[in-house]
Structure formats: structure tokens, C-alpha cells
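# Secondary and tertiary structure notes
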Amino acid sequence: MKRTRFKYFIAEKRGTTLSKTASYSLTAANILQDGYSFIKLSNNATLTLPAASIELKGCSLLVFSVDQGVVYVSGGYGGGGVNKDTVSIGKKETVEFWCDGTYWYALSTNIGAAGSSSSSSSSSSSSSSSSSSSSSSSSSSFSSSSSSSSSSSSSSSSSSSSSSSSSFSSSSSSSSSG
Amino acid sequence: MSKRTRFQYFVAEQRGTTKTITESTTLTKANIHDDGNSFIKINGAYTLTLPAAETALAGDTVIVAGNNASSKVAVVAGFGGGGGSYDTITAGAYGAIKFWCDGSYWYALSEAVASS
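A brief report on the enclosed structure follows. (Residues numbered from 1 in each chain as written. Chains lettered and ligands numbered in written order. Predicted model: local features only at pLDDT ≥ 70, side-chain atom pairs only at ≥ 80, totals over all residues. Heavy atoms only, no water.)

Moving on: the environment of Asp34 of chain B. Residue and element names in this part refer to chain B. Looking at where Asp34 falls in the secondary structure, it is placed in the loop between helix 2 (29-33) and strand 3 (39-42). Residue classification places Asp34 among the partly exposed positions, given a relative accessible area of 36%. Along the primary structure Asp34 and Cys101 are separated by 67 residues, whereas in three dimensions their C-alpha atoms are 17 Å apart. (Helix = DSSP H or I, 4+ residues; strand = E, 2+ residues; numbered from the N terminus. Buried < 20%, exposed > 50% of the residue type's maximum accessible area, 1.4 Å probe, protein only.)

All names here are of chain A. Pairing within the open sheet is mixed, and its four strands lie in the order 2-4-6-7. Only two strands of the sheet have a single partner each, and these edge strands are strand 2 (24-25) and strand 7 (86-89). One ladder, built from two bridges, connects strand 2 with strand 4 (residues 46-48); its direction is parallel. Each residue of the ladder has a partner; that of Tyr24, found in strand 4, is Leu47. (Pairing = 2+ DSSP bridges.)

The next point concerns the pattern of salt bridges. Overall, the coordinates contain three salt bridges over all chains when judged by the stated rule. Glu96 of chain A serves as the salt-bridge partner of Lys98 of chain B, at 2.8 Å between the closest nitrogen and oxygen. With Lys98 of chain B in strand 8 (residues 93-101) and Glu96 of chain A in strand 8 (residues 94-99), this residue pair bridges two chains. By relative accessible area, which is 2% here, Lys98 of chain B ends up buried. For Lys41 of chain B, the salt bridge identified is with Asp100 of chain A, shortest N-O distance 3.9 Å. Here Asp100 of chain A lies in the loop between strand 8 and strand 9 (104-107) and Lys41 of chain B lies in strand 3, a pairing that spans two chains. Judged on exposure class, the residue Lys41 of chain B and its partner Asp100 of chain A are both buried. (Salt bridge = Lys/Arg side-chain N within 4 Å of Asp/Glu carboxyl O.)

Laid out in C-alpha cells, this is it:
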């Protein structure tokens, strides 16, 4: 079995913390060269993620908000467009972001639009609180050219690679304010 | 620059081949271990059912993204062993959720769990 899939890496320590008290645009170099993968926001700052790119494939970021922070990405999370481009993080909450090389994904949180107040931070740890609904009906579709063929893959070599040139082709014009 | 060993950018995090489902689908252990699918996109109002938790899956994580308000993820016996009242999660439109298996149960990270 492929141990490389396990999560128990020292990587989970996430190196040096990047603290921001004012709005800031994170760069690919901040992630890949400076090694920042844990960002603390305070004073209601907005963090803008770098545009997704193949070199960022597999990167994950944890963003913690001291107050009420916002994390924005151009093009929207999962390619959802302007109606899905903002995540608000509640006080003392943490959200993980992951890049597949094409888009950024906000894990387990509600996503809203910049300029609207629709976004809301998600759930508490207790698992109560109601779902992450997320509006917009969306007539979008994932167009994946990847497909899961590669069954051969023997263990050891952690399969992977693969282009997975999947892309959300979002035609979602969905409403939501602006 | 600091220690690369701390970075999250391992091949494991690249999550191999993306699997896109266009109908309700049950993911298998083979999909995860043999095909290398650990990032799944739900294309539409469908439900992805995770494989039953087992020792062989301990430590595995899967990220699932949806693009429809009714894109859902389910697991038999419920997340964290919560049973039928806690066996389904709505990924929703452009939402993404990470799941982790401890060998006995699947856990949905930071997400509200509901009933199917």
C-alpha cells in the first residue's frame, strides 16, 4: 500500500507562521520558497490567494482568523466564479485551502461572493450547526479529461502524477448580489 | 528558506488522478489504493458513497468537491460511527470537504453531518 498517502508527515507542522494584520496578497513564492502554509489573519484582514497554477498543485494552506478574516481568490473556489470567490472565517476559526493545480478549494466551509455578505464561516467543531448549503443552483459542470484509468499502478510509487486536467467549466451565472 | 520537509507539497497531497463522477457512485478501496483517486469531483446532483471503513484505509484522506447544491457524500454507518442520522454531507455548489479514515470510521473534517 502507498504510504505516501498518509497524513502523518512532519509536513503537518507547517513551518513558519505568516501573520498579517492588514490585507495581503499571498504569492506563490511565499508558499513555495518561503514555506508559508499557515497564515494568521487579524484585524479583519483579507488574504488573497495566488492564482492557481500547476506548480501549486497539491499545496494546502491553513488560515486562522483572530478576528473575522476573509480569504479571496480570483476566479472563485473550484472555478465557481465571482459568486464563489470569498470565504469568511469566523473568530478563532481555521479553514484549509487546497490547490489541484487548476483551482483552489476551500475545505468544508461556505463560500460566498466578494462584495456580498452572503458568505459565512462554517460550523463549529461540535458538528451541530447546520450545513454548508451554499446557494446558487449552478448549471456548471466539471469537465474532466482525467478519468481514472491507471489501475495498474503498483504500490510503492505513489501513483499520482497524472495531469488531471480537469476543469470546472462553470457557466454558473448565478445570482447573488454583488 | 526553511525546511522543505515541513511543506505540505508531497506527492501525496497532489492526490493523483482526479475522478469525476456524473452519477451516484460508490467509491471503492481499489479506487483509492490502486487507481490513486483521492480527489473526487461530483458533477451534478449526485451522491458519492465512500467505501466502508477498514484497517487498510486507515490514514487515508479524500477530498470531494461538488458543483451542485445537491452534490453529496455518504458513508454507511455514519461519519465517526454516528449511524444513519449522521451519514450524509452536502458538498454543495463549489464546496469541498476533506474526509479522513482511522480504520474504523470515516470522519468529515469541520463539517456538519446530517441524515440521508
